[in-house]
Amino acid sequence: MPLPSFDQRVAYLEGRTEEHAGVIAAVRADSHGLRAEMRELRSEMRDFRSEMNHRFEQVDTRFNWVIGLLFAVLLAMVSSAIGVLAMSRAHS
């Protein structure tokens, strides 16, 4: 098997270099698309976080109201029990 000539080797390397340049250009184009998709995903995640924070604030407010109502009911029950005990002792 004869060795390729210098010109043949240079032509082969030029062809390979062009192939590599094409592949690198395709990778760059794909990376630009990927960057755009990542920006869009980050924006969607930011919007989602904002929405979730708003919802948690609503839940916190409702939770505080429920706790306040339960405490008021407990206070009313304890007051009623004390009143009943005081009335029963006053009549005895």
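Whatever comes next refers back to the structure up there.
Rules and cut-offs
Residues numbered from 1 in each chain as written. Predicted model: local features only at pLDDT ≥ 70, side-chain atom pairs only at ≥ 80, totals over all residues. Heavy atoms only, no water. Helix = DSSP H or I, 4+ residues; strand = E, 2+ residues; numbered from the N terminus. Rg over C-alpha atoms; globule rule 2.2 N^0.38 Å. Buried < 20%, exposed > 50% of the residue type's maximum accessible area, 1.4 Å probe, protein only. Areas by Shrake-Rupley, 256 points an atom, 1.4 Å probe, with all protein chains shown as cover. Lys, Arg positive; Asp, Glu negative; His and termini not counted. Charge placed at Lys NZ, Arg CZ, Asp CG, Glu CD. Patch = residues over 30% accessible without salt bridge, like charges linked within 9 Å, V, L, I, M, F, W, Y side chains within 5 Å. Salt bridge = Lys/Arg side-chain N within 4 Å of Asp/Glu carboxyl O.

A. Spotlight on the overall build of the protein. Helix and strand counts for the protein stand at one helix and zero strands. Taking 92 residues into account, the globule formula puts the C-alpha radius of gyration at 12 Å, and the protein, at 39 Å, lies well above it. Projecting the C-alpha coordinates of the protein onto the three principal axes gives extents of approximately 125 × 30 × 10 Å. Residues classed as buried in the protein amount to 0% of the 92 residues present. Here the protein displays about 8900 Å² of accessible surface, and carbon together with sulfur accounts for 65% of that area. Within the protein, one finds 11 positive and 12 negative side-chain charges whose respective centroids are separated by 11 Å.

B. Highlighting a positive patch on the surface. Taken together, the side chains of R35, R39, R42, R46 and R49 define a basic patch exposed on the protein surface. Its location among the elements puts R39 in helix α1 (residues 6-91). Residue R39 is classed as exposed on the basis of its relative accessible area of 54%.

C. Here's a closer look at the environment of L41. By the secondary structure assignment, L41 is in helix α1. The class of L41 is partly exposed, set by a relative accessible area of 39%.

D. Focus on a nonpolar patch on the surface. A grouping of F71, L74, L75, V78 and I82 is seen on the molecular surface, where their side chains present a nonpolar patch of about 510 Å² in accessible area. Relative to the elements of secondary structure, I82 occurs in helix α1. Given a relative accessible area of 53%, I82 falls into the exposed group.

E. Representation of the environment of N64. Following the sequence through the fold, N64 ends up in helix α1. Residue classification places N64 among the exposed positions, given a relative accessible area of 55%. Between the alpha carbons of N64 and A29 there is a distance of 53 Å; along the sequence they are 35 residues apart.

F. Representation of the pattern of salt bridges. Counted by the stated rule, this structure contains two salt bridges. Across the salt bridge formed by E19 and R16, the nearest N and O atoms sit 3.5 Å from each other. Linking E19 with R16, this pair stays in helix α1, spanning three residues, or about one helical turn. Among the ionic pairs, R55 bridges to E51, the shortest N-O distance being 2.8 Å. Placement of both R55 and E51 in helix α1 is noted, with a separation of four residues, approximately one turn of the helix.

G. Up close: a negative patch on the surface. Together, E37, E40, E44 and D47 line one region of the surface with negative charge. Looking at the secondary structure, you find E40 in helix α1.

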